[in-house]
Amino acid sequence: MLTKAPKGTADILPENSYKWQYAENVIKKLCADFGVKEIRTPVFEHTELFSRGVGDTTDVVEKEMYTFNDKGQRSITLRPEGTAGAARSFIEHGLFNNPQPTKLFYQISCYRYEKPQAGRMREFHQFGVEYFGTQNYAADAEIIELALMLFGRLGLKDLTLRINSIGCPHCRKAYNDKLKEYLSANYDELCDTCKSRFDRNPMRIIDCKSSVCKDIIKDAPRLIDYLCDECSEHFANVKSSLDNMGIEYEIDPDIVRGLDYYTKTVFEITADIASSNATVCGGGRYDGLVKELGGPDTPACGFAIGMERLFLCLEAQNVEINDESAMQIFVGNIGAESAKFAQKLVHDLRLLGISADYDKLDRSVKAQMKQANKLGCKYSVIIGDNEITEGKVMLKNMALGESAEVELNAQAIAKNIEENY
Ligand code: HAM
């Protein structure tokens, strides 16, 4: 028990962390290219933020939250997602007073008590983007552009973008009546959760995972056929914006999303891999959330990408990621005197910004070179008495197996490495 991580969590080990660092760096650069700034919010928030924001008829709030009372008897919840916290922070710090839109991104851990399986964790990570303060359809298109550009820069292929519109409270009201009328014939067969959602939020039933409910809602009316003029025009503009950028999409009237704050555009991006949990990205517009949480009426849209699923897709498609954190040079030594010399040489190399290491386990030269290989070192030198007296050393390119004689000092070695890098 003590040496086993809790179910649904995973350690990111050193042999994999470089992949996360790589993706995080690509994300940072991409967000900078789009003028999107990072926001960092707490891992836990007041429970009410999620019950009000995400919605108390959602699976996330009804079944999946890690909620507890703290020692001051406040109900606290580990964030199941990032939008509500970003919206809370937007309001709390008056970010609406800045020139709009406010374009934010975050890379966070999230917590949902779900049944763990490939791509479904209890602790997982999201890269999310939120645009506050514009109702322009071009914002919906831009966040989709950003998400797809990330996949492109990471080398992922065969992705499908599916979009839908679930309207505004105005069109939803008329639609809910239609849906309830349709569902009432089979009300008794609905699962208990759907029965409880029938009056509170009937559209949620479209998203139910139970096979009986799925069968019932198969031919139910879809909101996209009941959009008001404004929502219809907005959706048409989002589509023409995507067309304008050459972004391909499918229209999927079944996407309702699992969180209650969405209005108008919703979308999901799936990858063509074997796993059933291949939805790597989900998002949409949520024009009512900021007001619902007590802020000024502020339109917004955003998305989140599941990082674990992103890595599953990269692996499934055999996308190679170079370990940029691999050591540049290993300084081998023979005996105590040369170990001292190696320590100083490594210190000088590090001062010059070269990543370097040396043996601290009194290994044989052969074992030291094996270790250098394991560390993925690009270069190595072996320092013995001769090298120290002559002031010269063979600098070996480990990958090519080629060696060149260089002066035995940090500047000369660094210069050679940088020239050949
Ligand atoms: P979501 O669809 O609940 O949306 O989650 C977004 C993504 O997080 C999913 O597409 C999936 O890749 C990943 N994900 C969700 N749950 C899990 C899990 N248990 N294990 C692993 N990955 C998971 C949101 O969270 C919204 N806040 C997105 C958004 C931002 N909408 C507007 N702005």
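Scroll up to find the structure this text is about.
Because the structure is predicted, anything quoted here is derived from the model rather than measured.

About the cut-offs
Once a new chain begins, its residue numbering starts again from 1 and follows that chain's sequence as written. Confidence filtering applies because this is a predicted model: local features only for residues at pLDDT of at least 70, side-chain atom pairs given and counted only at 80 or more, and all residues used for totals across whole chains, interfaces and linings. Hydrogens and waters are ignored; side-chain quantities use all the structure's heavy atoms. By definition, two strands form a pair when at least two bridges between them are found by DSSP. Numbering goes from the N terminus for both helices and strands, where a helix is a DSSP run of H or I of at least four residues and a strand is a run of E of at least two. Every axis corresponds to a line fitted to the C-alpha atoms, with the helix fit spanning only the stretch in contact, and the corresponding angles, defined between N-to-C directions, vary from 0 to 180 degrees. Among buried residues, those of type Ala, Val, Leu, Ile, Met, Phe, Trp, Tyr and Cys that are joined through side-chain atoms within 4.5 Å constitute a nonpolar core. Using a 1.4 Å probe on the protein chains alone, a residue whose accessible area is under 20% of its type maximum counts as buried, one over 50% counts as exposed, and one in between counts as partly exposed. Here, two residues are considered to be in contact whenever any of their heavy atoms come within 4.5 Å of each other.

Q: Account for the sheet that holds strand β16 (residues 402-407), with residues named and values stated.
A: Pairing in this open sheet of 5 strands is mixed, and the strands run β13-β12-β14-β15-β16 from one edge to the other. At either end of the open sheet lies a strand with only one pairing partner, and these are β13 (356-358) and β16. Within this sheet the neighbouring strands show an average axis-to-axis angle of 25 degrees, counted without direction. Strand direction decides the pairing type here: strand β12 (residues 329-333) and strand β14 (residues 379-383), joined by 5 bridges, are parallel. Note on β14: the bridge partner recorded for Gly 332 is Ile 382.

Q: Pulling in residues and values, what's your account of the nonpolar core?
A: With 99 residues, the main nonpolar core has Phe 127 and Phe 303 as its most contacted residues. Here Phe 127 is in contact with Ile 27, Cys 31, Phe 105, Tyr 106, Gln 107, Leu 146, Leu 150, Phe 303, Ala 304, Ile 305 and Met 307, once residues within four sequence places are set aside. Ranked by size, the runner-up nonpolar core spans 20 residues in total, among them Leu 345, Tyr 358, Tyr 379 and Val 406.

Q: Outline the sheet that holds strand β11 (residues 300-306), supporting the account with residue identities and numerical values.
A: Spatially, 8 strands are ordered β1-β5-β6-β11-β10-β9-β7-β8 in an open sheet, and the strand pairing comes out mixed. Of all the strands in the sheet, the pair left with one neighbour each is β1 (37-38) and β8 (250-251). In the sheet, strand β10 (residues 279-285) pairs with β11 via 5 bridges, with the strands oriented antiparallel. Its bridge partner being in β11, Gly 283 is matched across the sheet by Phe 303. Packed on one face of the sheet, helix α1 (residues 14-33) meets β5 (102-111) and β6 (123-132) and runs near 160 degrees to β5.

Q: Account for the pairing of strand β4 (residues 75-78), naming residues and giving values.
A: Alignment of strand β2 (residues 44-46) against β4, held across 3 bridges, turns out to be antiparallel. Considered in β4, the bridge of Phe 44 is made with Leu 78. Bridge count for strand β3 (residues 67-69) against β4 is 3 bridges, and the pairing is antiparallel. For Thr 67, the partnering residue across the bridge sits in β4 and is Thr 77.

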